[in-house]
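Coordinate inspection notes
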Amino acid sequence: MAQVKIHPSWEKIIGEEFKKEYFEKLTQFVKKEYLSKIIYPEGKNIFRAFELCQFEDVKVVIIGQDPYHGPKQANGLCFSVNDGITLPPSLQNIYKEISSDLGVERPTKGNLDNWARQGALLLNATLTVRANTPGSHQHQGWEDFTDAVIKTISDKKENIVFLLWGKYAQNKGTIIDSKKHHILTSAHPSPFSAHSGFFGSKHFSKTNKYLKSIGKKEIDWIKL
């Protein structure tokens, strides 16, 4: 983990977090896990969300929970998988909502790199996970780090769209200044909850309507 580079735009903003005691303990835990178990994503991709979406470019934040825990799925961006990987159920439901909301054909590729490059920070609350063991790296320090990221974005930027899907992400809303930012909430896109409010939420068109209203370029949600 110590060898992973984080983009200078983020290093400048959140670099102090890496010097804190909790992060030193987290680093030791993660290093040990990678040496003794199968961990996702690959070490080089742990901070990939920050590489593809620089601090200055952030205009949308989507918060996930864990990285995918199946082989070759996790690629460092929440909800995203590499090309050629079967679309996970939550991502399938995200694409169903995009299709319904925007009146377009469903995307077929699972790689969300272009969302990130357009200014969407695709941030999991926990950045690593043990193979086939969801939640296995929770409560080790990652949440402290990603909370600091979210709070820094809230404090230092304005008019960011935060998409909070499900209770876990919505709990992060307590550290976001709702007077400065545009927060959209719904059920999680998981098959267990998508029909409870994610479908029909129209978050993709609402996000673009808001971005347009403040003079920012809209996200092309089907450009993958």
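See above for the structure.
A brief report on the enclosed structure follows. Not measured: the values here are computed from a predicted model. (Residues numbered from 1 in each chain as written. Predicted model: local features only at pLDDT ≥ 70, side-chain atom pairs only at ≥ 80, totals over all residues. Heavy atoms only, no water.)

Ordered by their spatial adjacency, 4 strands build an open sheet running β3-β2-β5-β6, and the pairing between neighbours is parallel. Across the chains shown, the open sheet's two edge strands, defined by having one partner strand only, are β3 (120–124) and β6 (182–186). On average, adjacent strands in this sheet sit at an angle of 20° to one another, irrespective of strand direction. Sheet topology note: the strand β5 (residues 161–165)/β6 ladder contains 5 bridges and is parallel. When the bridges of β6 are listed, Phe-162 appears paired with Ile-183. Lying on the sheet, helix α6 (residues 142–156) is in contact with β2 (60–64), β3 and β5; it crosses β3 at an angle near 155°. (Pairing = 2+ DSSP bridges. Helix = DSSP H or I, 4+ residues; strand = E, 2+ residues; numbered from the N terminus. Axes fitted to C-alpha atoms, helices over the stretch in contact; angles between N-to-C directions. Contact = heavy atoms within 4.5 Å.)

Put simply, helix α2 (residues 21–36) and α6 touch, their axes get as near as 9 Å, and they point 130° apart. With respect to α6, the element α2 is oriented oblique. Where α2 crosses over α6, the handedness of that crossing is left-handed. Together, Tyr-22, Phe-23, Leu-26 and Val-30 of α2 and Trp-142, Asp-144 and Phe-145 of α6 make up the contact between the two elements. Here the contact of α2 with α6 is built from residues that sort into 6 nonpolar, no polar and 1 charged. (Parallel < 35°, antiparallel > 145°, perpendicular 65-115°, else oblique. Left-handed = near helix turned anticlockwise from the far one by under 90°. Nonpolar A, V, L, I, M, F, W, Y, C, P; charged D, E, K, R; others polar.)

Interhelical geometry of helix α4 (residues 89–102) versus helix α8 (residues 203–213) gives an angle of 60° and a closest axis separation of 8 Å. With respect to α8, the axis of α4 lies oblique. Packed against α4, whose contacting residues are Ile-94, Glu-97, Ile-98, Asp-101 and Leu-102, the element α8 presents His-203, Phe-204 and Ser-205 at the interface. By residue class, the composition of the contact of α4 with α8 is 4 nonpolar, 2 polar and 2 charged.

Attention shifts here to the environment of Glu-218. Of note, Glu-218 is situated in the segment after α8. Spatially, the C-alpha atoms of Glu-218 and Asn-208 are 4.9 Å apart, while their sequence positions differ by 10 residues. For Glu-218, the residues in contact, after removing those within four places along its chain, are Lys-59, Gln-118, Asn-208, Leu-211 and Lys-212.

Here we take up the nonpolar core. Residues Trp-10, Phe-50, Ile-62, Ile-94, Trp-115, Leu-121 and Phe-145 are the most contacted members of the largest nonpolar core, which totals 64 residues. Residues in contact with Phe-50, not counting those within four places in the same chain, are Ile-6, His-7, Trp-10, Ile-14, Leu-121, Leu-123, Leu-127, Phe-145 and Val-149. (Core = buried A, V, L, I, M, F, W, Y, C linked by side-chain atoms within 4.5 Å. Buried < 20%, exposed > 50% of the residue type's maximum accessible area, 1.4 Å probe, protein only.)

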